[in-house]
Amino acid sequence: MFGDDLTNRQARNGSQPFAVVDGIAVIEIAGTLVHRGAWIGQSSGLTSYEGIAAQLQAALADPAIRGIALDIDSFGGEVAGAFDLADRIRAAKAQKPVRAFVADHALSAAYALASQADRIILPRTGAVGSIGVVAMHSDMSGALDQKGIAVTLIHAGARKVDANPYQPLPEAVRTRIAGELEDLRQLFAETVAEGRGRRLDTQRALGTEAAVFRGEAAVFAGLADEVADPATAFRAFAAAPRGTITPRGKDPMMTTAPEDHAQPPVAPAASPAAEPTPPAAVAPPQPAATTLSPEAIRAEAAEVAQVCAQAARLGIQIDAADAVAKGVKPEALRAKVLADLAARSDAAGIIATAPAAGTKESPIVAAAKKSAAASR
């Protein structure tokens, strides 16, 4: 309803709420993501789900728009509104091609949105993932005691002041909040799976344990589809014939404040990639329950070899012959590689910050305009 009002208001002003390049609507998703905020945008360091939804609706309603590009650079944001917007993006791609261009981060809530596109493209250093949720509680009681300040909370309702910052967090409250966050993580993973289909199912999304993946590692993990310069990939998308449907690809942190008095949470970022790891030891498999046919054995061996080749490109050396000889299953091998990749990009202690205020044009839009001008 509110998105409709924003769209109508923009239409009365006679302009579109997004940049248009060769019939492609470019919707920017940048900075910290918040639920409400109308047309609040990148210049403030925030982007609202409300504004993104209005832009999406306007792009779908305009017959001159033949595709939608999500230009994403965000470490995440609020839970409230994120999954509803993800549903709208997923529904939109049934009407017009939707492609996500990551330059350079689509983490947490931003990844929830990116995952609903037909295809996700990121640069070599681009980072995606962080399929998880976090909340923060600050206990100010010790500081207040030192200053001789006593806070008395008078309330009606046993849980009215749960997680207030003036008292230590009770274990029962901590446990309840942790349970709520796990429920939200499950919803997050299910939403990602709805958007990614066979490329990343719910269990594999949960199995990432909120890790962040970069470049080729993200493609290997199923969180992205292609590593390419976003501006170049956008030009290819814009040059596609009208009506072309984007083909399916091969098979930090979501913030939340579950209590009125909980501190706003923050999003973790990725740490720099580590040096290539030495050859990985392959654990022997569990006894198989059934005997495979020769054809199935050959197909499985070929898949193991493919996983080992992909891992080698990512700097993880695994002896394919040894893995086949030990009967290691492709999925077990893939899980081992993903665990190694996740360990490289362990995101600990880095806090997402909003981009500096300014009105700098999106690099994707700027590059597309420059290319168009040169062609004239």
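Refer to the structure printed above.
The following refers to the structure shown. (Residues numbered from 1 in each chain as written. Predicted model: local features only at pLDDT ≥ 70, side-chain atom pairs only at ≥ 80, totals over all residues. Heavy atoms only, no water.)

1. A word on the overall build of the protein
What counts here: Put simply, DSSP H or I for four residues or longer makes a helix, DSSP E for two residues or longer makes a strand, and each gets a number counted from the N terminus. For every residue, the accessible area (1.4 Å probe, protein chains only) is compared with the maximum for its type, and the residue is labelled buried under 20%, exposed over 50%, or partly exposed between those bounds. Residue-level accessible areas treat just the shown protein chains as cover; the underlying method is Shrake-Rupley with a 1.4 Å probe.
Looking only at helices and strands, the protein has 13 helices and 11 strands in total. Within the span of the protein, comprising 376 residues, buried residues form 46% of the whole. Accessible area of the protein: about 18500 Å², with a carbon and sulfur share of 55%.

2. What about the pairing of strand S2 (residues 24-34)?
Spelled out, the test is: Two strands are counted as paired when DSSP detects at least two bridges linking them.
Among the 11 residues that make up S2, 9 are buried, leaving the element largely enclosed by the rest of the structure. In this antiparallel pair of consecutive strands, strand S1 (residues 19-21) and S2, the connection spans 2 residues, and Asp 22 shows a positive phi of 50 degrees. Here S2 pairs with strand S4 (residues 67-77) via 9 bridges, running parallel. Within S4, the position partnered with Ile 27 by the bridge is Leu 70. Alignment of S2 against strand S3 (residues 46-48), held across 3 bridges, turns out to be parallel. Residue pairing for S3: Leu 33 is matched across the bridge by Thr 47.

3. What to know about unusual backbone geometry
Following Ala 103, the chain continues to Asp 104 via a peptide bond in cis, the omega torsion being 10 degrees. Among the structural elements, Asp 104 can be located in strand S5 (residues 98-107). For Ser 130, which is not glycine, the phi dihedral falls at a positive 60 degrees. Along the chain, Ser 130 turns up in the loop between strand S7 (127-129) and strand S8 (133-134). Within the chain, Ala 210 stands out as a residue other than glycine whose phi angle is a positive 65 degrees. With respect to the helices, strands and loops of the structure, Ala 210 is situated in the loop between helix H7 (202-207) and strand S9 (212-214).

4. Comments concerning the packing of aromatic side chains
What counts, and what does not: The criterion for an aromatic pair is that two Phe, Tyr or Trp rings (for Trp, the six-membered ring) have centres within 6.5 Å, with stacked assigned to planes under 30 degrees apart, edge-to-face to planes over 60 apart and tilted to the rest.
Enumeration over the complete set of coordinates arrives at 3 aromatic pairs. Ring geometry for Phe 101 versus Phe 234: centroids 5.8 Å apart, planes at 75 degrees, classification edge-to-face. Remark: Phe 234 occurs in helix H9 (residues 230-239) and Phe 101 occurs in strand S5; sequence separation between them is 133 residues. A residue is classified by how much of its surface remains accessible, and Phe 101, at 0% relative accessible area, is buried.

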